[in-house]
Amino acid sequence: MDFDDTPEEADFRKKAHEWLSKNAEVLPPDATAPIPLGEGEDEADIADCKRWQATKADAGWTCLTWPKEYGGQGLTSMHNAIFKSEEAKFQVPADVYTIGLGMLGPTLMAHGTDEQKAKYIPQMIRGQEIWCQLFSEPSAGSDLAGLRTTAVREGDEWVINGQKIWSTGAHFCDWGMVVARSDPNASKHAGLTYFIVDMNAPGVEVRPIRQINGASGFNEVFFTDARVHDDNRLGAEGDGWRVALTTLMNERVAIGAGSSSGRLASLFALARETQLRGSPAIEDGAVRQRLADFYVKSKGLVNTGYRTLSAISRGATPGPEGSIGKAIGAPMGQKMAAFAMELQGPMGAAVEGDIVPQEAFWQDTYLGMPGMRIAGGTDEILKNIIAERVLKLPPEIRVDKDKPFRDVPTGPPGK
Ligand SMILES: Cc1cc2nc3c(=O)[nH]c(=O)nc-3n(C[C@H](O)[C@H](O)[C@H](O)COP(=O)(O)OP(=O)(O)OC[C@H]3O[C@@H](n4cnc5c(N)ncnc54)[C@H](O)[C@@H]3O)c2cc1C
């Protein structure tokens, strides 16, 4: 891969930078990356997110890779990466559109009817309606196809009952994508159907969950006889797993593990500023060894990311090797944060972002990274994917795969 911008890409970067300079605030020189967890707890934050998304959409700086027929710009993943890298130099509101634009938009484009696309996609692009993903349940996460929320057809409507959990942003979202069991007599993957659900409809109750860092980024969502019109079924009845796979294929690419380069630069800056036995910590042999280890792994991740990007820009779909970024990046982010807090000494315990932003940033990263190691596929599941689909090792035994779902045991042996 050629790491330099082509003349066309350099021109695009210049235009993106000029537009951002006119429309966004420049980051102060000592700023760390914005803290994403807890985003959207405040209505004013959401209003800012909507304003920024609409500004970008009106000027043609969003959904860059989407086809023009759907309101995108028909550009490449490389253009998208360039815009994101320029945008990261500015102080912009947190991104609450990763799920909608990164995962659900592509699912709507692939499986939606013309009416569904016309109704939902334009509002999604301008960010005036925000979407959440209601897949996981208390007993179905890694084994998502084991989900138990039911959808029963009554005339032109479906009646939904059950519970979802870990639903990011559901407390400020307008629409949710729900996978539910419509046929318990079919095998677990075959009996599912995918729906678009109005989060403000009767029978839909959202309860925020308080996280270890004090924020409430995700929720429990309860469905009690919630009614969804058949017009809001996405894909055929019983074909929900295939539709969900489109969402899941886009998920790991969309969420990644955050930028390790930004964290690496902040960690080096901290090691330069921190005094250890009368000298800058960065001069200490043991500190340098840790920094070198993070540096090498981060560069490996960046280059692996470029490899995926260049495959995508050649027209390939994101493959299982996309799991590597999160499998390595999230545990490394947690280790980097732990090391930063060690360097900070007792100050590493401080959380007041307005007084000690560096300390608050590292502590929040430390507390947030375990979530990143779970969301969108746990470390173990990602390793299974790499083992089975990249290294072609023997697959796990799946005894319940072809049984009717209602015959899959849920209790102790014999129950
Ligand atoms: C920050 C965050 C945001 C999230 N946002 C959303 C969201 O918006 N929408 C949504 O639907 N869900 C969301 N989730 C849920 C997430 O997808 C699930 O938590 C995840 O898939 C794991 O499922 P689980 O929690 O049920 O754990 P389980 O699947 O019960 O796993 C428990 C443990 O067992 C291990 N394990 C399970 N199966 C295997 C196996 N076959 N081999 C080896 N080990 C295994 C796991 O690695 C884990 O350590 C979010 C989670 C987090 C942390």
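Note that the structure is a prediction, hence the values are computed from the model and not measured.

Quick look at the overall build of the protein now. Counting secondary structure elements, the protein contains 11 helices and 12 strands. The C-alpha radius of gyration computed for the protein amounts to 22 Å, which stays within 12% of the reference 22 Å derived for 415 residues, consistent with globular compactness. Of all 415 residues assigned to the protein, the portion counted as buried reaches 35%. Sequence-distant contacts, at least 24 apart, represent 71% of the contacts inside the protein between residues at least 6 apart.

Helix length check: helix 2 (residues 43-58), at 16 residues, gives a terminal C-alpha distance of 22 Å against a target of 22 Å (1.5 Å per residue), a fit within 8%. For helix 2, the full list of buried residues reads Ile46, Cys49, Trp52, Gln53 and Lys56. The arc that holds the buried residues of helix 2, viewed along the axis, is 130°, so those residues lie on one side. For helix 2, exposure combined with an orientation more than 90 degrees from the buried face picks out Glu43, Ala44, Ala47, Arg51 and Asp58. Buried residues along helix 2 sit against helix 5 (114-126).

Another point: the domain arrangement of the protein. A common measure of how large an interface is: the accessible area buried when the components associate. Each assigned domain of the protein is listed with its residue range as follows: domain 1 (7-96), domain 2 (131-240) and domain 3 (256-390). Computed over C-alpha atoms, the centres of domain 1 and domain 2 are 30 Å apart.

For the rest of this paragraph, the subject is the confidence of the model for the protein. For the protein, the mean per-residue pLDDT works out to 88, and 91% of the residues sit at or above 70. Counting interchain partners and residues more than four positions distant, the pLDDT-below-50 stretch residues 29-40 has 29 contacts.

In this structure, Phe195 sits in strand 7 (residues 192-198). Under the C-beta neighbour-count criterion, Phe195 is labelled buried, with 24 such atoms within 10 Å. A C-alpha to C-alpha distance of 21 Å links Phe195 and Ala375, two positions 180 residues apart in sequence. If near-sequence neighbours (up to four positions away) are discounted, Phe195 is found in contact with Ala151, Trp158, Val178, Ala180, Val228, Asn232, Arg233 and Leu234.

What follows deals with helix 11 (residues 379-390). Between its first and last C-alpha atoms helix 11 spans 15 Å; for 12 residues at 1.5 Å apiece the expected length is 16 Å, and the two agree. Of the residues one or two after helix 11, Lys392 is the one with positive phi, at around 60°.

This paragraph deals with the site of the ligand. Around the ligand, the structure places 20 residues, and the nearest of them are Phe135, Gly141, Ser142, Thr168 and Thr378. When residues of the shell around the ligand are traced back to their parent elements, those giving at least two are strand 3 (131-134) and helix 11. Looking at side-chain class alone, the shell around the ligand contains eight nonpolar, 10 polar and two charged residues. When we break the shell around the ligand down by domain, the ones giving at least three residues each are domain 2 (131-240) and domain 3 (256-390).

A few words now on the nonpolar core. Within the largest apolar cluster, 56 residues are counted, with the highest numbers of intra-cluster contacts made by Trp131, Ile160, Val178, Val179, Phe195 and Val197. Split by domain, the residues of this core number at least three in each of domain 1 (7-96) and domain 2 (131-240). The next biggest cluster of nonpolar side chains, apart from the first, holds 17 residues, and it includes Met336, Leu343, Tyr366 and Ala375.

Tracing the backbone through its elements, the reader meets Pro280 in strand 12 (residues 279-280). On the basis of neighbour count, Pro280 is assigned to the partly exposed category, with 13 C-beta atoms found within 10 Å. In this structure the C-alpha to C-alpha distance between Pro280 and Leu270, which are 10 residues apart in sequence, comes to 9.5 Å. Residues within four places of Pro280 in sequence aside, it is in contact with Arg272 and Gln275.

A few words now on the packing of helix 9 (residues 323-344) against helix 11. Between helix 9 and helix 11, the least distance of the axes is 9 Å, while the angle of their chain directions is 145°. Judged by the sense of rotation from one axis to the other, the crossing of helix 9 with helix 11 is left-handed. Within the contact between the two elements, helix 9 uses Ser323, Ile324, Lys326, Ala327 and Pro331 and helix 11 uses Asp379, Leu382, Lys383, Ile385 and Ile386.

Moving on to the pairing of strand 3. Neither face of strand 3 is open: one carries Trp131 and Gln133, the other Cys132 and Leu134, and all of them are buried. The pairing of strand 3 with strand 6 (residues 175-181) spans four bridges and is classified as parallel. Paired with Cys132 across the two strands is Gly176, which belongs to strand 6.

The subject of this paragraph is the packing of helix 1 (residues 7-23) against helix 3 (residues 77-87). Where helix 1 meets helix 3, the axes come as close as 9 Å, and the angle between the chain directions of the two elements is 35°. Of the two possible hands of crossing, helix 1 and helix 3 adopt the one that is right-handed. Contacts from Glu9, Phe12, Arg13, Ala16, His17 and Leu20 of helix 1 reach helix 3 at Met78, His79, Ile82, Phe83, Glu86 and Glu87. Taken together, the residues that form the contact of helix 1 with helix 3 break down as six nonpolar, two polar and four charged.

Reading guide: rules and limits
- Residues numbered from 1 in each chain as written.
- Predicted model: local features only at pLDDT ≥ 70, side-chain atom pairs only at ≥ 80, totals over all residues.
- Helix = DSSP H or I, 4+ residues; strand = E, 2+ residues; numbered from the N terminus.
- Rg over C-alpha atoms; globule rule 2.2 N^0.38 Å.
- Buried ≥ 20, exposed ≤ 12 C-beta atoms within 10 Å, placed from the backbone.
- Contact = placed C-beta atoms within 7 Å.
- Expected span 1.5 Å × (residues − 1).
- Arc of directions from axis to C-beta.
- Domains from an automatic or database assignment.
- pLDDT = per-residue confidence, 0-100.
- Near = placed C-beta within 6 Å.
- Nonpolar A, V, L, I, M, F, W, Y, C, P; charged D, E, K, R; others polar.
- Core = buried A, V, L, I, M, F, W, Y, C linked by C-beta atoms within 7 Å.
- Axes fitted to C-alpha atoms, helices over the stretch in contact; angles between N-to-C directions.
- Left-handed = near helix turned anticlockwise from the far one by under 90°.
- Pairing = 2+ DSSP bridges.

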